[in-house]
Amino acid sequence: MKYIAEPFKIKMVEPLRMTTREDRQEAIKKAFYNGFALKAEDVYIDLQTDSGTGAMSNAQWAGMMMGDESYSGARSYYHLMEAAEDIFGYRYNQPVHQGRAAEKVVFPALTKPGQYWLSNTFFDTTRGHVGLAGGRPVDIVCPEGLDTTTYADFKGDADVEGMRAFIQEHGAENVAGIVMTITNNSVGGQPVSVANMRAVRALADEYGLLLIIDAARFAENAMFIKMREPEFADASIKEITRETFSYGDMYTMSAKKDAIVNMGGMLGVRDNDELAEKIKSFVIPFEGYLTYGGLAGRDLEALAIGLEEGLDEDYLRYRLGQSQYLAARFEKAGIPFQNPVGGHGVFIDAGKLLPHIPWHQFPGHALAVELYIEAGIRCCDIGSLLMDRDPVTGDAQQAPAEFTRLAIPRRVYTQAHLDVVADALEAIKARADQVPGYEITWEPKVLRHFTSHLRPVTA
Ligand SMILES: *Cc1c(COP(=O)(O)O)cnc(C)c1O
């Protein structure tokens, strides 16, 4: 597969410090073999996340200087409202400081204690906020979504019949609503089709349920729809986005992904003014006055510009092309990964690449450490290290798959950087049987992957 060249040129650079293998061995040891504890300065290619790590454009940086810092009614707020109304087609749009802030405002307002929320798969923070609001999150994704080996166009889709069966079993009064995550982050940035959105809308109408779109990667999702859903082959990204959003009642959004800002979020209500009023009464105490929502005026301005830039087809083709290029190199080298690749990165099947490491010695983490030592690449485990212990028994829990996630920041790395990543993986594959597993020497009670201390297991 040919690399799709950047539809931009570079006029500002951030130098990277080059390190030796010995430097990196020392640094990762000091970090207790946990990439989160590394100094970013000691990292060459940082694929830990695509969230808030993108490069803003010249127009966005110019917008930062034009930001209006008035407490209420700032010009930058109105710019953002114009862009959001035009793109999403919703009557009420609200800036907040990041995606989870939108969740914190929305779920307590809409959840009665003990009610279920269904999703094509909740993102971690969304799942957390449903729980904090007294609700019970349930993932009901299509079966293809959990099968890493066979191809499907829309592995992010919800299992609509599965959702219907759940609602019938538990009673519609015990279900608060449905969250559709686009793209479906937790199953690998996999897209959701318009056909699936329509079917979920019909289900929500049948049982009188709310439908919320978790829209962090709405533009990448729209580009996948354009490429894979024939009805939309000639539609613009904005038309596809409008169509997709027309099936929701509300959206929450982390703007740190497709809106290409380093910090920011949004939420919106399509046309239910009563619902909008209820949400507003939660926004002011948590996030601040309605026209700034926890963001500086300059951030509102950069977000308004980033929302539009994120819809550009040439950019999106290049953007999805980066994951596809990396995946094609892995395929050629026989490195197993979640196929087809999603929008924001590649999930390597470390369980298959390092079969000698048992799940309780964290193959996904072992590969992440090895990539750092090999070439200064930082990435993370999406496997059994990420799984916290059973809260009742304290037993370690096995993840359904042992992945190492390579998330690609937007407009940051070049083809040559991606080649460094692929070369490093090939080198590791050649000596895979020498890669050690890891054991934990200290861990906190929850969210252990962020702060655990580990050490290599030596035979
Ligand atoms: C990142 C993300 C969030 C949370 O957003 P933050 O800006 O990190 O708070 C929620 N949902 C999805 C799908 C995300 O990718």
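Residues numbered from 1 in each chain as written. Predicted model: local features only at pLDDT ≥ 70, side-chain atom pairs only at ≥ 80, totals over all residues. Heavy atoms only, no water.

J.: Describe the packing of aromatic side chains, naming the residues involved and giving the relevant values.
T.: Counting across every chain of the model gives 19 aromatic pairs. Every member of this aromatic cluster is reached through a ring pair, and the members are Phe88, Tyr90, Phe218, Phe245 and Tyr251. Sitting over the ring of Tyr315, Arg411 keeps its end group 5.9 Å from the ring centre. (Phe/Tyr/Trp six-rings, centres within 6.5 Å; stacked < 30°, edge-to-face > 60°. Lys NZ or Arg CZ within 6 Å of the ring centre and 35° of its normal.)

J.: I'd love a proper account of the site of the ligand, names of residues and values included.
T.: Not every one of the 15 residues close to the ligand is listed here, only the nearest: Gln98, Arg100, Asp214, Ser254 and Lys257. Within the side chain of Asn185, one N or O atom sits 3.1 Å away from an oxygen atom of the ligand. If the ligand stood free it would expose 370 Å²; the protein chains cover 98% of that surface. For the shell around the ligand, the secondary structure elements donating two or more residues are α4 (99–110) and α5 (124–132). (Near = heavy atom within 4 Å. Polar contact = N/O pair within 3.5 Å; in protein donor to acceptor, adjacent residues only side chain to side chain. Areas by Shrake-Rupley, 256 points an atom, 1.4 Å probe, with all protein chains shown as cover. Helix = DSSP H or I, 4+ residues; strand = E, 2+ residues; numbered from the N terminus.)

J.: I'd like a description of the environment of Glu169, backed by residues and values.
T.: Looking at the element boundaries, Glu169 is found in helix α6 (residues 160–170). The class of Glu169 is exposed, set by a relative accessible area of 64%. Considered as a pair, Glu169 and Ser384 are 215 residues apart in the sequence and their alpha carbons are 31 Å apart. (Buried < 20%, exposed > 50% of the residue type's maximum accessible area, 1.4 Å probe, protein only.)

J.: So what's going on with the sheet that holds strand β3 (residues 116–119)? Which residues, and what values?
T.: Sheet architecture is open: seven strands sit in the order β2-β8-β7-β6-β5-β3-β4, paired in mixed fashion. Every other strand in the sheet has two partners, leaving β2 (92–96) and β4 (136–139) as the edge strands with one partner each. Geometrically, the sheet is characterised by an average inter-axis angle of 20° between neighbouring strands, direction not taken into account. Here four bridges tie β3 to strand β5 (residues 175–181), and the two strands are oriented parallel to one another. Residue pairing for β5: Leu118 is matched across the bridge by Ile178. Set on the sheet, helix α3 (residues 75–88) makes contact with β2, β7 (250–254) and β8 (265–269); between it and β2 the angle comes to about 125°. Contacts from α4 reach β2, β3, β5, β6 (210–214), β7 and β8, with the element oriented near 150° to β7. (Pairing = 2+ DSSP bridges. Axes fitted to C-alpha atoms, helices over the stretch in contact; angles between N-to-C directions. Contact = heavy atoms within 4.5 Å.)

J.: Go over unusual backbone geometry, please, and point to the residues and values.
T.: Going from Ile182 to Thr183, the amide bond is cis rather than trans, its omega being -20°. In this structure, Thr183 sits in the loop between β5 and α7 (194–207). Unusually for a residue other than glycine, Tyr33 sits at a positive phi of about 55°. Residue position: Tyr33 is located in the loop between α1 (21–30) and β1 (45–46). On the basis of relative accessibility, which here comes to 15%, the residue Tyr33 falls in the buried class. Residue Ile260 is not a glycine yet carries a positive backbone phi of 50°. Tracing the sequence through the fold places Ile260 in the loop between β7 and β8. Given the relative accessible area of 1%, Ile260 is considered buried.

J.: Go over the side chain of His129, please, and point to the residues and values.
T.: Within the secondary structure layout, His129 lies in helix α5. The class for His129 is buried, based on a relative accessible area of 15%. In this view, His129 contacts Arg100, Glu103, Lys104 and Phe107; residues no more than four positions away in its chain are not counted.

J.: Before we move on, can you summarise the pairing of strand β9 (residues 345–349) with the specific residues and values?
T.: Burial analysis of β9 places five of its five residues in the buried class, the great majority of the element. With five bridges joining them, β9 and strand β12 (residues 403–407) adopt antiparallel strand pairing. Following the sheet pairing, Asp349 is matched in β12 by Phe403.

J.: Which residues make up helix α9 (residues 237–245), and what values do they have?
T.: All of the buried residues along α9 are Ile237, Ile240, Thr241, Thr244 and Phe245. Take α9 and look down its axis: the buried residues cluster within an arc of 130°, on one side only. Where the residues of α9 are buried, they touch α3, α7, β6, α8 (218–228), β7 and α12 (313–333). (Arc of directions from axis to C-beta.)

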